[in-house]
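# Architecture and fold: a report
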Amino acid sequence: MMTAVWRKEGLTHCNAVIFSAARCNFTYGRHLWHSAGSMASPSITFKTLIDRNDDALERLQLNPPKRGAEDKRSALLEERATIDRLASPERQIERYGAQRWQEEFIRLKDIADLPLDHPQSHALRGTRQAAQVLKAIGNVPFMRFQRAFSDPENIVVPSYSIDRNGAVIFECPDILELSVCGCLVDPQRIPEKLAEDLKLVDFTGDKRKPKERLFKLADPETLDAFKALFDKMIPLSKADRAFRVLLLPASRFAGDDPRAGAVIVTSDEGRSRGRLSSLKASYFDDVYSSKRRIMHSSRGYSRETAELAQMEESVRSLSNRIQREWRDAPEVVKEVLREETEALLIGYKEMLERVQNVFKSEAADFMEAAHTLRDATGRLNPRKTVLQMNASVDRLKKRLFEICKKESVTQQDKLLIEAHISRAEQGFRGLRHRLERNGHIALTLLSDPETKLFSGAEMSREEIVARARGITARLGIHEDDFSRVESRPFYRSALAMRGEMSKLSEALLSRDRNSAKQALNGIQLVLKVNAVIVGIEHLKEAAAQGQEVPISRLRDLASTLSTVLDEKSYYRVSPSEKQMALTEALAGIRTQVKRMAKALVEYAKTSLSVQRREELNTRFKEFLDGLNYDHLQTILCS
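Not measured: the values here are computed from a predicted model. (Residues numbered from 1 in each chain as written. Predicted model: local features only at pLDDT ≥ 70, side-chain atom pairs only at ≥ 80, totals over all residues. Heavy atoms only, no water.)

## Looking at the overall build of the protein
Stated precisely, the cut-off is as follows: Secondary structure elements are taken from DSSP: a helix is a run of H or I of four residues or more, a strand is a run of E of two residues or more, and numbering for both begins at the N terminus. Relative accessibility decides the category of a residue: with a 1.4 Å probe and only protein chains considered, values under 20% of the type maximum give buried, values over 50% give exposed, and everything between is partly exposed. By the convention used here, residues are in contact when the closest approach between their heavy atoms is within 4.5 Å. Computed by Shrake-Rupley with a 1.4 Å probe, the accessible areas treat only the displayed protein chains as cover when residues are assessed.
Across its full length, the protein holds 23 helices and 11 strands. A burial count over the protein gives 52% of its 638 residues as buried. Taking contacts inside the protein between residues at least 6 apart in sequence as the whole, the part at least 24 apart equals 71%. Summed over its atoms, the accessible surface of the protein is roughly 30800 Å², and 49% of this surface lies on carbon and sulfur atoms.

## Focus: the packing of helix α18 (residues 490-509) against helix α19 (residues 513-544)
Convention followed: Fitted lines through C-alpha atoms give the axes, limited to the stretch in contact for helices. The angle between two N-to-C directions lies from 0 to 180 degrees. When an angle is under 35 degrees it counts as roughly parallel; over 145 it counts as roughly antiparallel; between 65 and 115 it counts as roughly perpendicular; any other value is oblique. Left-handed is the label given to a crossing in which the near helix is rotated counterclockwise from the far helix by less than a right angle, and right-handed is the label when the rotation is clockwise. Residues are grouped as follows: Ala, Val, Leu, Ile, Met, Phe, Trp, Tyr, Cys and Pro are nonpolar; Asp, Glu, Lys and Arg are charged; all remaining types, including Gly, are polar.
The contact between α18 and α19 brings their axes to 8 Å, and the two run at 165°. Between α18 and α19, the angle falls in the class roughly antiparallel. In this structure, α18 crosses over α19, and the sense of that crossing is left-handed. Contact with α18, carried on its side by F490, S493, A496, M497, E500, M501, K503, L504, A507 and L508, involves S515, A516, A519, L520, G522, I523, V526, L527, N530, I533 and V534 of α19 and no other residues of that element. Here the residues of the contact of α18 with α19 are counted per class, giving 15 nonpolar, 4 polar and 2 charged.

## Concerning the side chain of D206
This is how it is decided: Polar contact is defined as a pair of N or O atoms within 3.5 Å, subject to the rule that within protein one atom must be able to donate a hydrogen and the other to accept it, and that residues adjacent in sequence are counted only when both atoms are side-chain atoms.
With respect to the helices and strands, D206 occurs in the loop between α7 (192-197) and α8 (210-218). Judged by relative accessible area, D206 falls into the buried class, the value being 8%. A distance of 2.5 Å separates the side chain of D206 from the side chain of K216, its partner in a polar contact. The residues touching D206, leaving out its near neighbours within four places in the chain, are E212, R213 and K216.

## Some points on empty space enclosed by the protein
We apply this condition: Think of a 1 Å grid over just the protein atoms. A cavity is a set of points where a 1.4 Å probe fits yet cannot get out, a pocket is an open set with protein on both sides within 12 Å along at least five of seven lines, and lining residues have an atom within 4 Å of a point. Grid points are joined across faces, edges and corners, and a volume is the space filled by probe spheres set on the points.
Counted according to the given criterion, the structure contains 1 cavity of 30 Å³ or more. In this structure, the largest cavity spans a volume of roughly 50 Å³. Around the largest cavity sit R432, L435, E436, Q524, L527, E567 and Y570, which together line it. Secondary structure elements with two or more residues in the lining of the largest cavity: α15 (409-437) and α19.

## Some thoughts on the environment of L400
By the secondary structure assignment, L400 is in helix α14 (residues 382-406). The class of L400 is buried, set by a relative accessible area of 6%. For the pair L400 and F359, spaced 41 residues apart in the sequence, the C-alpha separation amounts to 9.4 Å. Residue contacts for L400: discarding those within four places in its chain leaves T305, L308, A309, E312 and R423.

## Description of the environment of S447
In this fold, S447 is placed in helix α16 (residues 439-447). Using a relative accessible area of 34% as the deciding quantity, one classes S447 as partly exposed. With 124 residues separating them in the primary sequence, S447 and Y571 have C-alpha atoms 8.5 Å apart. Not counting chain neighbours up to four residues away, the residues in contact with S447 comprise R513, K517 and Y571.

## A short note on the packing of helix α1 (residues 46-62) against helix α2 (residues 69-87)
Two elements in contact, α1 and α2, have axes separated by 10 Å at closest approach and are oriented at 160°. Viewed along their axes, α1 and α2 adopt a mutual orientation that is roughly antiparallel. Taken as a pair, α1 and α2 cross one another with a handedness that is left-handed. Where α1 abuts α2, its residues F46, L49, I50, N53, D54, A56, L57 and L60 lie against A69, K72, R73, L76, L77, E79, R80, I83, D84, L86 and A87. Counted by class, the contact of α1 with α2 contains 12 nonpolar, 1 polar and 6 charged residues.

## Here's the deal with the pattern of salt bridges
Let me state the cut-off plainly: Criterion for a salt bridge: a side-chain nitrogen of Lys or Arg within 4 Å of a carboxyl oxygen of Asp or Glu.
Here the structure, examined in full by the defined rule, presents 39 salt bridges. K398 is paired through a salt bridge with D394; the nearest N and O atoms lie 3.6 Å apart. Highlighted residues: K398 and D394, both in helix α14, separated by 4 residues, approximately one helical turn. Assessed through its relative accessible area of 38%, K398 is described here as partly exposed. Through salt bridges that share partners, K291, K414, E418 and E541 make up one connected network.

## What to know about the packing of aromatic side chains
Threshold: Two aromatic rings from Phe, Tyr or Trp, using only the six-membered ring of Trp, form a pair when their centres are within 6.5 Å; if the ring planes differ by under 30 degrees the pair is stacked, by over 60 it is edge-to-face, and anything between is tilted.
Per the counting criterion, the structure on display carries 13 aromatic pairs. Taken together, a centroid distance of 6.0 Å and an interplanar angle of 10° make the contact between F105 and F142 stacked. Here F142 lies in helix α6 (residues 141-149) and F105 lies in strand β4 (residues 105-107), a separation of 37 residues in the sequence. For the pair formed by F105 and F142, the shared burial category is buried. Arranged with centres 5.9 Å apart and planes meeting at 40°, the rings of F145 and F226 form a pair that is tilted.

## As for helix α13 (residues 358-370)
Operational definition: The length a helix should cover is 1.5 Å for every residue beyond the first. The arc under discussion is defined with respect to the helix axis, by the directions toward the C-beta atoms.
Between its first and last C-alpha, α13 extends 18 Å over 13 residues, near the 18 Å set by a 1.5 Å rise per residue. Considered for burial, the residues of α13 that qualify are K360, A363, A364, M367 and A370. On an axial view of α13, the arc spanned by its buried residues comes to 130°, and they lie on one face. The residue sitting at the N-terminus of α13 and contributing the capping side-chain oxygen is N357; that oxygen lies 2.9 Å from the backbone nitrogen of F359.

Spelled out as structure tokens, the structure:
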């Protein structure tokens, strides 16, 4: 029988990290994930409940009590009816619509032999037809979901026909987009912790009531919500047809849903009776924690993956800017775009041409052709440049996918997640660098009393819109830059960023100089906070690698905190309550980090006893456990 394990890694997983400096050596344990609790999967089955019910009815028949025998028998029969109803997959078919289900699906076990007059009737007799159907479906989300949460007896496939050559023709329009709502879920296969993590059930007060917990999992509305939630998920990489790493994208949830941006990693666990492999799946709160979970894998192509993903994001972002801004941009903006394009593409081209891989070589060729924004005749041709840049991005993506295919299955998961993280980090880092580089432009544009937009002069709506777009173009920012950031922890920063960008746009269109300054300060602060969040995650990653205690990472984080706190805002305008609260929270984290860094250096100067090592173990663990940024993001999105 297939089994599925789906759990968030708990406090039992501990990474040993060794610190050696000067005369002392000690190790410490680091708990990197929240406790998974005690309920991994249902601790009682419907068969157990049915057996108990049968035994109770038999005892009642053999030794009926003097009073209330009929009432007890009625209660047992009612309980038995409830068990049968919840255990039966037929009620899921009824909720889906029995006639519709019969038209759209068929159980594998119910596949009948082809008519004798069919050309393939002999070749696809017995179980061979089911095997052919499974092969045609492939490793798509619809099947992976069932391998984790359906009983083998109730595996279903979409309705199909077989042509005279033996090809399977499915009636659904797109097998990759097939909803899992028609699947027959076995509630006993849903781990209780997973159901709690996904906010589908509340087991408060039920920890010693296994029957009640199972009934909650088997509730029809719970199962409907469970399937609907999986329909929201998307692959972290569209090139990954197996959909091994899934994302719960923020755009598919209403409001600030706690599940938005979470990550699910699935993996095969071996064959089950020669037909379908069972599936193991893990749920993670964010992309960083999922990466730490599989960090024990060989690093392999990790550095190259990160570099290529950053290149891809930088070139794609610049290509979008040229496509969006060139046509109506003043000459000064075009000159900036030309300079940035040449510097970026030449730098990347020199990095790529040192390697032999065909995709990287082709990407370098496209960058070489595009870096001047001119075509073969020497004429400025931004449209062709955009096509060439997009072609280079395509080659970088192909190289990333090629790397993934070369690595082990676990390493593929890690590389997909690393590439996703690198893209998200680069998006924020790229905008911050652009604003730092263009800071003097910002000060001129919004502070110069002669700036036409704020001069009070009569202007048409078209002129106002054009001037506002010119300002944001020169700053190198746009609301669309973060529209695709949907994973945790980035999406809340992206949400705050889009909010500040929208405020800036509104202020420019309403010709409100003070509000525009406030919005630009807000954008700067969001980028500062994101830099600190990334620094915290990099520290936790270094601790999870089993290296020496990451004093250098502690110092990096302390330096980042000092930089963002000491860096002056673009404009001298009264800070908002949000800005003051964020500054105070950042200062508190800096104090924590500096204190711990100082303590580690002091410990390194002395020879430590066993007791002192244990004290430091505890202290550093408590420090990492307490080093979170949830309150920063809460303030950001308030």
